[in-house]
Amino acid sequence: MMKKKSVSARKASLVLFLCQMISALDVPLDSKLLEELSQPPTITQQSPKDYIVDPRENIVIQCEAKGKPPPSFSWTRNGTHFDIDKDAQVTMKPNSGTLVINIMNGGKAEAYEGVYQCTARNERGAAISNNIVIRPSRSPLWTKEKLEPNHVREGDSLVLHCRPPVGLPPPIIFWMDNAFQRLPQSERVSQGLNGDLYFSNVQPEDTREDYICYARFNHTQTIQQKQPISVKVFSTKPVTERQPVLLTPTGSTSTKVELRGNVLLLECIAAGLPTPVIRWIKEGGELPANRTFFENFKKTLKIIDVSEADSGNYKCIARNRLGSAHHVISVTVKAAPYWITAPRNLVLSPGEDGTLICRANGNPKPNISWLANGVPIAIAPEDPSRKVDGDTIIFSHVQERSSSVYQCNASNEYGYLLANAFVNVLAEPPRILTPANKLYQVIADSPALLDCAYFGSPKPEIEWFKGVKGSILRGNEYVFHDNGTLEIPVAQKDSTGTYTCVARNELGKIQNEVHLEVKDPTMIIKQPEYKVIQRYGQVSFECVIKHDSTLLPTIIWLKDNDELPDDERFLVGKDNLTIMNVTDKDDGTYTCIVNTTLDSVSASAVLTVVAAPPTPAIIYARPNPPFDLELTGQLERSVELSWIPGDENNSPITNFVIEYEDGLHEPGVWHYQTEVPGTQTTVQLKLSPYVNYSFRVIAVNEIGRSQPSEPSEQYLTKSANPDENPSNVQGIGSEPDNLVITWESLKGFQSNGPGLQYKVSWRQKDVDDEWTSVIVANVSKYIVSGTPTFVPYEIKVQALNDLGYAPEPSEVIGHSGEDLPMVAPGNVQVHVINSTLAKVHWDTVPLKTVRGHLQGYKVYYWKVQSLSIRSRRHVEKKILTFRGNKTFGMLPGLEPYSSYKLNVRVVNGKGEGPASPDKVFKTPEGVPSSPSFLRITNPTLDSLTLEWGSPTHPNGVLTSYILKFQPINNTHELGPLVEIRIPANESSLILKNLNYSTRYKFYFNAQTSVGSGSQITEEAITIMDEAGILHPAVGAGKVQPLYPRIRNVTTAAAETYANISWEYEGPDHANFYVEYGVAGTMASRQVDIATQGWFIGLMCAVALLILILLIVCFIRRNKGGKYPVKEKEDAHADPEIQPMKEDDGTFGEYSDAEDHKPLKKGSRTPSDRTVKKEDSDDSLVDYGEGVNGQFNEDGSFIGQYSGKKEKEPAEGNESSEAPSPVNAMNSFV
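Along each chain, numbering runs from 1 in the same order as the chain's sequence is written. Note on the predicted model: pLDDT of at least 70 is required for a residue's local features to be given, and 80 or more for side-chain atom pairs to be given and counted; whole-chain, interface and lining totals, by contrast, use all residues. Processing note: side-chain calculations cover all non-hydrogen atoms of the structure and skip hydrogens and water entirely.

**A short note on the overall build of the chain**
Here is step 1: Only DSSP runs of H or I with at least four residues qualify as helices, and only runs of E with at least two residues qualify as strands; both kinds are numbered from the N terminus onward. When helices and strands are tallied, the chain shows 6 helices and 89 strands.
Here is step 2: In this scheme, a residue with accessible area under 20% of its type's maximum is buried, one over 50% is exposed, and one in between is partly exposed, where area comes from a 1.4 Å probe on protein chains only. For the chain, with 1229 residues in total, the buried portion stands at 41%.
Here is step 3: Contacts are assigned to residue pairs with any non-hydrogen atoms lying within 4.5 Å of each other. Across the chain, every contact between residues at least 6 apart in sequence was considered, and the portion connecting residues at least 24 apart equals 65%.
Here is step 4: Surface accessibility of the chain: about 67,100 Å² in total, with carbon and sulfur atoms responsible for 52%. Note on areas: these come from Shrake-Rupley sampling with a 1.4 Å probe, and a residue is covered only by the protein chains present in the view.

Rendered as structure tokens:
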């Protein structure tokens, strides 16, 4: 009896949960609406649970909340009320709950350590913040100690202990020398996780007196330095090699506990000579793929985002040629509470039901407790509509007084989770938020989205009508979105009109009208064409357009994807571009772009300029080089250069190009300096300091450039401060804890003097901090280590030389290194649009968890199984990437009637974050492929037996088979068509009452509830009499193969012709004929008179008569004397009479596709067995690629989602799934 009650209770909870899912309302983020609706408080911003503050700065404890009416705020400290009015150092920001504790004016941070909690309250409830633990940071000094020098024998191991002071938070440790340079680390020498410096074996080069350990405390931006440690290595010959011994950890085993979601770091450092190599394994399992990283020369094993499955024994093995050592670390993964289902806000109507669900997991299992308005629910005021059932609160028949804020607390020994969720009971009639009479304009054949944003309580029902008195819109040509939007996937001209959106609930009804205008697309009906023009000629490009009369087009001309030159030779007309007096510079690609407010089209053409025929009397050539270069008026930053021009060679000099050589920094390399008009032979040149200049001049005319002149004399300028700073300064971290500052170094002549160096400065952005600076040599990179992950930095790089600094550089913003994202996208939802297309939605992840530049989201999806064929297969995961901060994406190319899974991951510059939980969805049915085979056996006088195989791709549940057949008489005419519907579970059928000795043609296809699939055809003949039945031993029961045989006919139809393809089986010599008909009429057959029996008989009779006449003539001639017929024939052979080709056996009528030979004159069809336009007016050639890869089996058009593939040759029956042209055309309606 108790068991039955328990089952009933679970059913009731499920029903209530479904009601909550149906009834809960989403309040649109409409500012006007939000101002009018009452709402309980919601905490929008709060300080972190563990809040470490700088003791030198004011303490700001954040608490922001929203609600209607605006909430008031109060605080507790260490569990008791915190009266801020009694403490002069504490103030609360206006219209906010944020506390500011004044430390900079006499307060002490230590006095305000404690646990704080904020409460935001209005008339509809109270929300509370997390417990915020305030602790001031600490950066104690290093204890003074006397360090003795370390005397070590070469080859021995050594550990230099750091032992940093204990700070809050713990400091970042690094080793440097007296010159503030990082000590080099390798497989032999490396820093451990505890900060100590380990030497697997010491070498003589390790001798130095400045091993210094530094501890950096980020909160206070201070660095503490340990006293230098001296190491002296003495040599003994020979050096004894040693097998590995582990320096850390000690012993053979150890244990480690880590929390779920954290980074697991395991370390093994070994001594030995030669230096041991470290290898890691997991006993009884594999190291997790994509989450395992090796650091510190494989001495550290790093596993990110650990879970309970990562618990186990991890073994590190240190090995050199003398032996090995190992250590086993037993890892246990515990878990602080984490959400399975966090409670979500409920907006209900009076009398409705709902549930708040709070489910969390952890290790150990967390304890769930509820509070109402910040008070434990056991002592909170009673609410008859509320019932607490463990992790669920069930609300029944709520009233407006039931509005409250509930808190769920999930806690275990490793932490807690606190979530606020309000229940807001509202009674509101429908409201439509979309402006009335809004006008939407789209281009024909593109989607149209008509908005109807709404709100009401209870949630209104939305209906759409077209026209003032139109009927409600339904059908596959419309998509109705949950937010009220009406989507017309393919808008046509007749879609234009007024649409009415009606929202109604039990409190009222409201409607709103919007207007849709569908415009004709803009087209370029006469495009610019390729032109070849002689130099100095005139050319014109046309661009004639056709557009919707209500749209105003603008035409833009581009040259090589850039604006036209500002030259009066370019004349832009209404529908053309004319170029006068064309020159070589006009050579290029010209593009006409037509823009309207709704669409844009373009067309391009290439202009090639060629030289005009030369005039014989005049020879044009490049000018001779200038000569007699002279430098005068030498100053520190300028000099005057003069020259004498060379011969123009019948083409005027248009300009002179001056180049310079820096003999001090880049001897032998010439650089562009300036250029002057061809009428000028003197120029004042600006110079840079500390450069040894030489100059040369090049003359230019319309023909080309002259040879360079002889170099001028050299001129060395004096040194000076740098004039400029490095360019392209960037700050991009290569690791999560560093910042790599790079820049483009100055060129040699830009240094302005000897001793070029750079001053690199940086500081964390938005933090009141001093600049940290370092001077480096003439390099182009500096690495700042120990930075927080992905935080912005202000960076500047200043040049200096022996004479001083360059001007103050500008600041740039960089970021420290990225790390993998921490969380997966939530609230993943899938909306199946049709059998091959789905839309996936997800919530964006908080930017602070991205830990890098958000690049987008990746959707992994794969087919689990077909719902019609229960078979396992290799799972092939597909990936779609959606750039930017998108929250949805389309999944194309799905298979009908199948079960799929997907998950979503966020991507930054470092890589992918964790995957969201797998989401399962199913695609609806589609039309099946053609049956796998159709065989006709057991012919008798009046019957045939048909056997068939089910479709390879059912794409759903088969409902029946359709068999159509008709007789074919001796003149190849088709008889009446008979149709039979066969149950889907049948695989054979005996057709009786057929005519004897008659050929029949059969058409066979399968059906699902969606429609009919592609058909397969066969032909067979009933026998003439009983004697025609073969003896069983010979092969009775089978129809002998009928050749030729044509299979898998596919068609694609256009307005005036059709493209037909097929597979042929039979002899090489065959003619092909095509049957076709108009829809709704009987099929007809094109008949070749040459194959008709009566025609062949007539021709044979004529030939016989001619033969008899020839014999009679021959006999009569022989009576008068002999006539050498054969000799004359041999001497004058008729060129028209040619024997049949023995190599290919063809008669000039048909060539097989594999022969790759051209068709003979008498061929009716090309060798690819495709009817061309001249053969049939019903071809589909104008559709470009026929039906290859353009239509799904259900007729849906997917060309816009998938790339076009090359058509592969058909083999066997594998192409039987090609869609019918009728389905293909229906997909465009």
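**Side note on the state of the cysteines**
Here is step 1: Disulfides are defined as pairs of cysteine sulfur atoms found within 2.5 Å of each other. Counted according to the given criterion, the structure contains 6 disulfides.
Here is step 2: Shown here is the disulfide that connects Cys-162 with Cys-213, its sulfur atoms set 1.9 Å apart. Linking Cys-162 and Cys-213, the disulfide has an S-S dihedral of approximately -70° and is accordingly described as left-handed. Of the two residues, Cys-162 sits in the loop between β13 (158-160) and β14 (172-176) while Cys-213 sits in strand β17 (residues 208-217), which places them 51 residues apart along the sequence. Neither Cys-162 nor Cys-213 differs from the other in exposure class; each is buried.
Here is step 3: Across the disulfide, Cys-268 is cross-linked to Cys-316 (sulfur-sulfur distance 1.9 Å). With the S-S dihedral at roughly -65°, the linkage between Cys-268 and Cys-316 falls on the left-handed side. Of this pair, Cys-268 sits in the loop between β22 (264-267) and β23 (269-273) while Cys-316 sits in strand β27 (residues 312-320), and the two are 48 residues apart along the sequence.
Here is step 4: Residue Cys-316 is classed as buried on the basis of its relative accessible area of 1%.

**Observations regarding the sheet that holds strand β26 (residues 300-303)**
Here is step 1: Spatially, 3 strands are ordered β22-β26-β25 in an open sheet, and the strand pairing comes out antiparallel. The sheet is open, and its two edges are formed by β22 and β25 (292-295), each paired on a single side. If you compare each strand with its neighbour and ignore which way they point, the axes differ by 20° on average.
Here is step 2: Think of it this way: DSSP has to see at least two bridges between two strands before they count as a pair. One ladder, built from 4 bridges, connects β22 with β26; its direction is antiparallel. If you follow Leu-265 over to β26, its bridge partner there is Lys-302. Inter-axis angles, ranging from 0 to 180 degrees, are taken between N-to-C directions of lines fitted to C-alpha atoms, where helices are fitted over the stretch in contact.

**Digging into the packing of aromatic side chains**
Here is step 1: By convention, a stacked pair of Phe, Tyr or Trp rings (six-membered ring in the case of Trp) has centres within 6.5 Å and planes under 30 degrees apart, an edge-to-face pair has planes over 60 apart, and any other such pair is tilted. Using the criterion set out here, one finds 21 aromatic pairs in the structure.
Here is step 2: Note on Phe-199 and Tyr-211: the rings are 5.9 Å apart at their centroids and 80° apart in plane angle, and the pair reads as edge-to-face. Linking Phe-199 in strand β16 (residues 197-199) with Tyr-211 in strand β17, this pair joins segments that are 12 residues apart in sequence.
Here is step 3: Classification of Phe-199 by relative accessible area gives buried; the value is 1%.
Here is step 4: The exposure class assigned to Tyr-211 is buried, which follows from its relative accessible area of 4%.
Here is step 5: Summarising the aromatic geometry, the rings of Trp-643 and Phe-656 are spaced 5.4 Å apart at their centres and angled 65° between planes, so their arrangement reads as edge-to-face. In this pair, Trp-643 sits in strand β58 (residues 638-644) while Phe-656 sits in strand β59 (residues 653-662), placing the two residues 13 residues apart along the sequence.

**So, the pairing of β25**
Here is step 1: Across 4 bridges, the pairing between β25 and β26 is antiparallel. Along β26, the bridge assignment pairs Glu-295 with Thr-300.
Here is step 2: Between the antiparallel neighbours β25 and β26 lie 4 residues, among them Asn-296 with a positive phi of about 55°.

**Quick word on the nonpolar core**
Here is step 1: We define a nonpolar core as any set of buried Ala, Val, Leu, Ile, Met, Phe, Trp, Tyr and Cys residues linked to one another through side-chain atoms lying within 4.5 Å. One finds Ile-59, Ile-61, Trp-75, Ile-101, Tyr-116 and Ile-134 to be the most contacted residues of the largest nonpolar core, which totals 29 residues.
Here is step 2: Elements represented by at least two residues in this core include exactly β2 (50-53), β3 (59-61), β4 (63-68), β5 (72-77), β8 (99-101), β9 (114-122) and β11 (132-136).
Here is step 3: No other element matches the 3 residues that β9 contributes to this core.

**Remarks on unusual backbone geometry**
Among all residues save glycine, negative phi is the norm, and among peptide bonds the norm is trans.
Here is step 1: Along the chain, Leu-273 connects to Pro-274 via a cis peptide bond; the corresponding omega equals 5°.
Here is step 2: Locating Pro-274 in the fold gives a position in the loop between β23 and β24 (277-282).
Here is step 3: At the junction of Ser-457 and Pro-458, the peptide bond is cis and its omega measures out at 5° in the coordinates.
Here is step 4: Tracing the sequence through the fold places Pro-458 in the loop between β41 (454-457) and β42 (461-466).
Here is step 5: One non-glycine residue, Lys-298, adopts positive backbone phi at about 65°.

**A word on the environment of Trp-670**
Here is step 1: For Trp-670, the position within the fold is in strand β60 (residues 666-677).
Here is step 2: Taking the C-alpha atoms as reference points, Trp-670 and Glu-659, 11 residues apart in sequence, are found 6.2 Å from one another.
Here is step 3: Setting aside its immediate chain neighbours within four residues, Trp-670 contacts Glu-659, Tyr-660, Glu-661, Ser-694, Phe-695, Arg-696 and Pro-711.

**Things to note about the environment of Lys-519**
Here is step 1: Looking at the element boundaries, Lys-519 is found in strand β46 (residues 508-519).
Here is step 2: Among residues more than four places away in sequence, those in contact with Lys-519 are Gln-441, Val-442, Ile-443, Ala-444, Lys-493, Asp-548, Thr-550, Leu-551 and Leu-598.
Here is step 3: Here a polar contact is recorded for every N or O atom pair within 3.5 Å, except that within protein the pair must consist of a potential hydrogen donor and a potential acceptor, and residues adjacent in sequence are included only if both atoms are side-chain atoms. A distance of 2.8 Å separates a polar atom in the side chain of Lys-519 from a polar atom in the side chain of Glu-517.
Here is step 4: A polar atom in the side chain of Lys-519 sits 2.7 Å from the side chain of Thr-550.

**Some details on the sheet that holds strand β63 (residues 715-716)**
Here is step 1: Spatial ordering of the open sheet is given by β60-β59-β62-β63, a layout of 4 strands whose pairing is antiparallel. One side of each edge strand has no neighbouring strand; the edge strands of this open sheet are β60 and β63.
Here is step 2: Sheet analysis places strand β62 (residues 692-701) next to β63, joined by 2 bridges and oriented antiparallel. Residue pairing in the sheet places Tyr-693 in a bridge with Tyr-715 of β63.

**Section: the pattern of salt bridges**
Here is step 1: Whenever Lys or Arg places a side-chain nitrogen within 4 Å of a carboxyl oxygen from Asp or Glu, that contact is recorded as a salt bridge. On inspection of all chains with the given rule, the structure shows 39 salt bridges.
Here is step 2: Linking Asp-177 and Arg-208 is a salt bridge whose minimum nitrogen-to-oxygen distance equals 3.4 Å. Of this pair, Asp-177 sits in the loop between β14 and β15 (189-191) while Arg-208 is found in strand β17, placing the two residues 31 residues apart along the sequence.
Here is step 3: With a closest N to O distance of 2.8 Å, Glu-463 and Arg-504 form a salt bridge. Of this pair, Glu-463 sits in strand β42 while Arg-504 is found in strand β45 (residues 497-505), placing the two residues 41 residues apart along the sequence.

**A word on the pairing of strand β35 (residues 392-395)**
Here is step 1: Side chains Thr-392 and Ile-394 project from β35 onto one buried face, and the interleaved Ile-393 and Phe-395 project onto a second face that is buried too.
Here is step 2: As judged from the 4 bridges shared by strand β30 (residues 354-357) and β35, these two strands associate in the antiparallel manner. Counted as the bridge partner of Thr-355 is Ile-394 from β35.
Here is step 3: When strand β34 (residues 386-389) meets β35, the two strands line up antiparallel, connected through 4 bridges.

**With respect to the side chain of Ser-916**
Here is step 1: Here Ser-916 lies in the loop between β77 (898-908) and β78 (919-922).
Here is step 2: Within the local environment of Ser-916, its side chain forms a polar contact with the backbone nitrogen of Val-904, the two atoms lying 2.9 Å apart.
Here is step 3: Apart from residues lying up to four places away in sequence, Ser-916 is in contact with Ala-824, Pro-825, Val-828, Asn-903 and Val-904.

**Topic: the side chain of Arg-124**
Here is step 1: Structurally, Arg-124 is set in the loop between β9 and β10 (125-128).
Here is step 2: Only 3.4 Å separates the side chain of Arg-124 from the backbone oxygen of Val-425, close enough to count as a polar contact.
Here is step 3: Dropping the residues within four chain positions of it, Arg-124 is found in contact with Ser-38, Gln-39, Pro-40, Glu-400, Ser-403, Ser-404, Val-405, Asn-424, Val-425 and Leu-426.

**Some points on the environment of Leu-564**
Here is step 1: For Leu-564, the location among the structural elements is in the loop between β52 (562-563) and β53 (570-572).
Here is step 2: Classification of Leu-564 by relative accessible area gives partly exposed; the value is 21%.
Here is step 3: If near-sequence neighbours (up to four positions away) are discounted, Leu-564 is found in contact with Trp-557, Leu-558, Lys-559, Phe-570, Val-572, Leu-577 and Tyr-590.

**A few points about a nonpolar patch on the surface**
Here is step 1: Patch members must show over 30% relative accessible area and no salt bridge, and they are joined within 9 Å when carrying like charges or within 5 Å when they are nonpolar side chains of Val, Leu, Ile, Met, Phe, Trp or Tyr. Nonpolar side chains collect at one region of the surface, where Leu-1104, Leu-1105, Leu-1107, Ile-1108, Ile-1111, Val-1112, Phe-1114 and Ile-1115 lie side by side and expose about 750 Å² of accessible area between them.
Here is step 2: Take Leu-1107: it is sitting in helix α4 (residues 1093-1120).

**Observations concerning the confidence of the model for the chain**
Reading predicted coordinates in detail is not appropriate for stretches of low pLDDT.
Here is step 1: A score from 0 to 100, pLDDT tells how confident the predictor is in each residue. Looking at the chain, the pLDDT average stands at 83 and 83% of residues meet or exceed 70.
Here is step 2: Predicted confidence is poor over residues 1080-1087, with pLDDT under 50, and the contacts of this stretch with residues over four places away or in other chains come to 18 contacts.
Here is step 3: Note that pLDDT drops below 50 for residues 1121-1229; the model gives that stretch 160 contacts with residues more than four away or on any other chain.

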